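Summary of the model geometry
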Amino acid sequence: MNSTPSQSPSPSAAEREDAPAVQVGVLVPLTRPGWVEAGEHLLAGVESAVREVNADGGIAGARLDLVVRDTAADPERAAAAVDELASRGVAALVGEYHSVVARAAATRADALGLPFLCSSAVLDVLTERPTDWVARLAPPQSRGWRVYADHLLAAGHRRIAVATQPSAYWAAGAGVLRDHFAAHGGSVAELDLRELTPTAVCDAVVDRRATALLLLAGQPEPAVPIVRAVRRDRRLDQLLLGAPAGQPEFAGWAASLGADGTAIPFLRYLPERLTPLGARVETALRERLATAPSFVAFEGYDSILVLAAVLRSRGTDRAAVAASWPDVAVEGTRGRIGFSRTPGIGVWQGTGASIQVVDRDPAEPARFRVLRTG
């Protein structure tokens, strides 16, 4: 399967108006307690790609239409949206940022026989059983968080603390860190944010003699108050703050914390250089968002790029769409996109995704420094 546009003439605008639209459901967090900024970037990427698909003839002469549903980081709301979108007759689903929400959506899509291309969520176990209905673009959490742990170990950190909230996503991440550090003679102390104030977190870090504190917590609350407390605690002047889930990626982090939000390593999924398509898309997304597009925006764009290629080659039959995941070979914004089976992961897993550990430069907070690639 190839994303290169066909050389045959594109249908005219009038012909596309006459053809029934192909509908695609989109799941994104657009209201609190969802991570709204991530949802906005994801949707911007999706909508930008749809505009280009339609300008290039749509899907076999039909316009590609989006049916957007706000999940607000609520798994039950997401599952209900999948039911509603399936009943509307959408050909497939794309989107979602929050892993626990994506898991609920993937489970429901699998049960209904509705193809779901998960754009951004990384939780390894998206479905309890292997399924052909679900594919995932982002790399699995276990891979990315091991890269992050290697970065900390290479910097000499052996005793780390994690400030964490209750969530399957945070628990899975803490487990990856704990196992990886234990294998290298290190240790991970978990600090339960249901019981600790930001000041108490600082005290606990001192008590455990940790050299790094990782924020496995939502943004802005409670992550931002913890950063402020740590930065003002002279006992912790040498402490490394980290945020593997990517909280510092977005402009809202810098706006809230300024210089306090710099030098905090996090994971993002970008290559050293974007493809020529990626460079063009980056310019368009920057204009649309009025800020630098995050990796999440590129994930949104690439999701539609993949789905459009599938729909153009296999049609809109749901079973045919799901059967096409292993045949995908698309040049995306960040490199070549394909899917394969990965041990321990029940969905079709995207291959070739780049992983970076980056931070914001204290000398120029809008600039990102690449610290490690994996």
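Above this text you will find the structure in question.
Residues numbered from 1 in each chain as written. Predicted model: local features only at pLDDT ≥ 70, side-chain atom pairs only at ≥ 80, totals over all residues. Heavy atoms only, no water.

Looking at the overall build of the protein chain
Keep this limit in mind: A run of H or I in DSSP becomes a helix once it reaches four residues, and a run of E becomes a strand once it reaches two; helices and strands are each numbered from the N terminus. Radius of gyration: C-alpha atoms only; globule rule: 2.2 Å multiplied by the number of residues to the exponent 0.38. The contact definition used throughout considers only heavy atoms, calling two residues in contact when any of these lie within 4.5 Å.
In terms of helices and strands, the protein chain carries twelve helices and 15 strands. The C-alpha atoms of the protein chain give 21 Å as radius of gyration, which agrees with the globular expectation for 374 residues (21 Å, within 12%). Along the three orthogonal principal directions, the C-alpha set of the protein chain runs to about 70 × 40 × 35 Å. Excluding contacts between residues fewer than 6 apart, the proportion of contacts in the protein chain whose partners are at least 24 apart in sequence is 70%.

Quick notes on the packing of aromatic side chains
Filter applied, for reference: Working definition: rings of Phe, Tyr and Trp (its six-membered ring) pair if their centres are within 6.5 Å, and the pair is stacked with planes under 30 degrees apart, edge-to-face with planes over 60 apart, and tilted otherwise. A simple rule labels every residue: compare its accessible area, found with a 1.4 Å probe on the protein chains alone, to the largest value its type can have, and call it buried under 20%, exposed over 50%, or partly exposed in between. A ring is considered to have a charge above it if a Lys NZ or an Arg CZ atom is located within 6 Å of its centre and within 35 degrees of its normal.
Tallied over the entire structure, the rule returns seven aromatic pairs. Ring geometry for W145 against Y169: centres 5.9 Å apart, planes inclined by 80 degrees, an arrangement best described as edge-to-face. Here W145, found in helix α5 (residues 141-154), pairs with Y169, found in helix α6 (residues 168-183); they are 24 residues apart in sequence, far enough to count as distant. Across the pair, exposure class does not vary: W145 and Y169 are buried alike. An aromatic cluster of at least three residues, connected via ring pairs, comprises W35, Y97 and F250. When the ring centre of W348 is taken as origin, the NZ or CZ atom of R341, which lies over that ring, is 4.3 Å away.

Regarding the environment of E221
Structurally, E221 can be placed in the loop between β8 (212-216) and α8 (223-231). Sequence separation between E221 and A44 is 177 residues, and the spatial gap between their C-alpha atoms is 24 Å.

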